[in-house]
Amino acid sequence: MTSPLLQVRDLHKHFPVGSKGLFGRPAQMLRAVDGISFDVHPGETLGLVGESGCGKSTCARTIVGLHEPTAGTVMYEGAEISGLSRKERAPYRRKIQMIFQDPYASLDPRQTVASILAEPLKIHYLAKPRERRLHAMQLLDAVGLNPRHIHRFPHEFSGGQRQRIGVARALAMEPDLIICDEPVSALDVSIQAQVVNLLEELQERFGLSYLFIAHDLAVVRHICDRIAVMYLGKIVEIAERDELFENPQHPYTRALLSAVPHPDPKIERTRERIVLEGDVPSPLDPPSGCRFHPRCVERGRVTGDRCVHEEPALGARSACHLPESADAPSPAAHT
Ligand code: SF4
């Protein structure tokens, strides 16, 4: 296997919450990301999934430098990029781009598409002034938009088209890695498929790698090569896509997969749903031992109080005290 493009090691991002008390210390710490590690290889799409609030987006924002990590490292092509100053980080900022969930909020409504796309070219000296317009038109063409619409404003485009503009803006920097933070969740289902297909085409054409953050497992199954499942700031399982869907190991992964409807009505009727009790606990005060233990329906299979007191390490695939099994129960939705 090739060397990883991105290496994330024991990454933590905690946020102080509440007024400062004795010795100026914050009242509490919100442990949004609490020790996660993974690699993204060239040309690969790694999915990062989990319920909202599990820390996926904070992880993305910490990787691109929008947050300073509390601990841990982010390495790009073997060089550490976490903790670099703004100036030191500049060459890497070009190489790692981000696409956001809400394309409208991420595009300046007062700028035309021409200005939106020309700006990164100008900042990073990627094209001479007279070439920028042509370059911007080529970018629009690459994302399936009409290059003649270059002088329109974002509000003159539909939601799906605006997301294409967001993709074009990311592409303008000629990145190697694009972090896609829920890029299709705000779009209609029919438009979602078009944007996902576009991302696949661009990956093929430009040799891109993606870190694809989503909560919709059907989308993740379509686009990702490997998938990491997050729960309350931790990765609880990481595996190749087909292995994960066909033989999920962690009880939380099994519950998530059991909630995905099956397109075949016959299988859908017999689909066994694992209903998780209660809400996701607060990252301000995560449960002891295994963070999933208050909601885990399989906890009784582990002897004694281990799940309550002992935090399971992420093994070959999953972080659970249950032994990994070649024939773990797979939700009916994926048989
Ligand atoms: Fe469930 Fe225990 Fe495994 Fe946690 S360690 S997922 S509580 S069985």
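The structure this text deals with has already been given above.
Remember, predicted model here, so these are calculated numbers, not experimental data.

**Student:** Please set out empty space enclosed by the protein residue by residue, giving values where relevant.
**Tutor:** If a probe the size of a water molecule is rolled over the atoms, the empty space left behind becomes visible. Scanning all chains against the criterion turns up one cavity of 30 Å³ or more. In terms of lining residues, the largest cavity is bounded by 13 residues, among which Pro251, Cys290, Cys296, Cys307 and Cys320 are the most central. Taken together, the residues of the lining of the largest cavity break down into eight nonpolar, three polar and two charged.

**Student:** Mind laying out the packing of aromatic side chains, listing which residues take part and the relevant values?
**Tutor:** On inspection of all chains with the given rule, the structure shows four aromatic pairs. Plain terms: the ring middles of tyrosine 231 and phenylalanine 292 are 5.0 Å apart, the flat faces sit at 80° to each other, and that makes the pair edge-to-face. Separated by 61 residues along the polypeptide, tyrosine 231 in strand E9 (residues 226-231) and phenylalanine 292 in the loop between helix H11 (265-270) and helix H12 (306-309) bring together distant segments of the chain. Its relative accessible area of 1% is what places tyrosine 231 among the buried residues. Phenylalanine 292 gets classed as buried once you look at its relative accessible area, which sits at 2%. Each ring, one from tyrosine 252 and one from phenylalanine 292, has its centre 5.2 Å from the other, and the planes form 65°; the classification is edge-to-face. Separated by 40 residues along the polypeptide, tyrosine 252 in helix H10 (residues 251-258) and phenylalanine 292 in the loop between H11 and H12 bring together distant segments of the chain. Across the pair, phenylalanine 292 and tyrosine 252 agree in class, each one buried. One aromatic cluster is present, formed by Tyr231, Tyr252 and Phe292 through successive ring pairs.

**Student:** Mind laying out the layout of surface pockets, listing which residues take part and the relevant values?
**Tutor:** The volume enclosed by the largest pocket comes to roughly 830 Å³. Forming the walls of the largest pocket are 31 residues, and the residues nearest its centre are Leu66, Arg93, Gln97, His124 and Met173. Taken together, the elements giving at least two residues each to the lining of the largest pocket come down to helix H2 (86-95), strand E6 (96-99), helix H4 (113-123) and helix H6 (159-172). Among the elements that make up the lining of the largest pocket, the one with the highest residue count is H4 (five residues). Residues belonging to the lining of the largest pocket are distributed by class as follows: 15 nonpolar, nine polar and seven charged.

**Student:** Requested: an account of the site of the ligand, with residues and values cited.
**Tutor:** In the vicinity of the ligand lie 13 residues, with Cys290, Cys296, Cys307, Cys320 and His321 positioned nearest. Per-class residue counts for the shell around the ligand are nine nonpolar, three polar and one charged.

**Student:** How would you sum up unusual backbone geometry? Please name residues and give values.
**Tutor:** Its identity as a non-glycine residue notwithstanding, aspartate 10 has a phi of 50°, on the positive side. Inspection of the secondary structure puts aspartate 10 in strand E1 (residues 6-20). You can call aspartate 10 partly exposed: its relative accessible area is 44%. Located in the positive-phi region is leucine 232, a residue other than glycine, with phi close to 50°.

Cut-offs used in this document
Residues numbered from 1 in each chain as written. Predicted model: local features only at pLDDT ≥ 70, side-chain atom pairs only at ≥ 80, totals over all residues. Heavy atoms only, no water. 1 Å grid on protein atoms, 1.4 Å probe; cavity = no way out; pocket = protein on both sides within 12 Å on 5 of 7 lines; lining within 4 Å. Points joined across faces, edges and corners; volume = space filled by probe spheres on them. Nonpolar A, V, L, I, M, F, W, Y, C, P; charged D, E, K, R; others polar. Phe/Tyr/Trp six-rings, centres within 6.5 Å; stacked < 30°, edge-to-face > 60°. Helix = DSSP H or I, 4+ residues; strand = E, 2+ residues; numbered from the N terminus. Buried < 20%, exposed > 50% of the residue type's maximum accessible area, 1.4 Å probe, protein only. Near = heavy atom within 4 Å.

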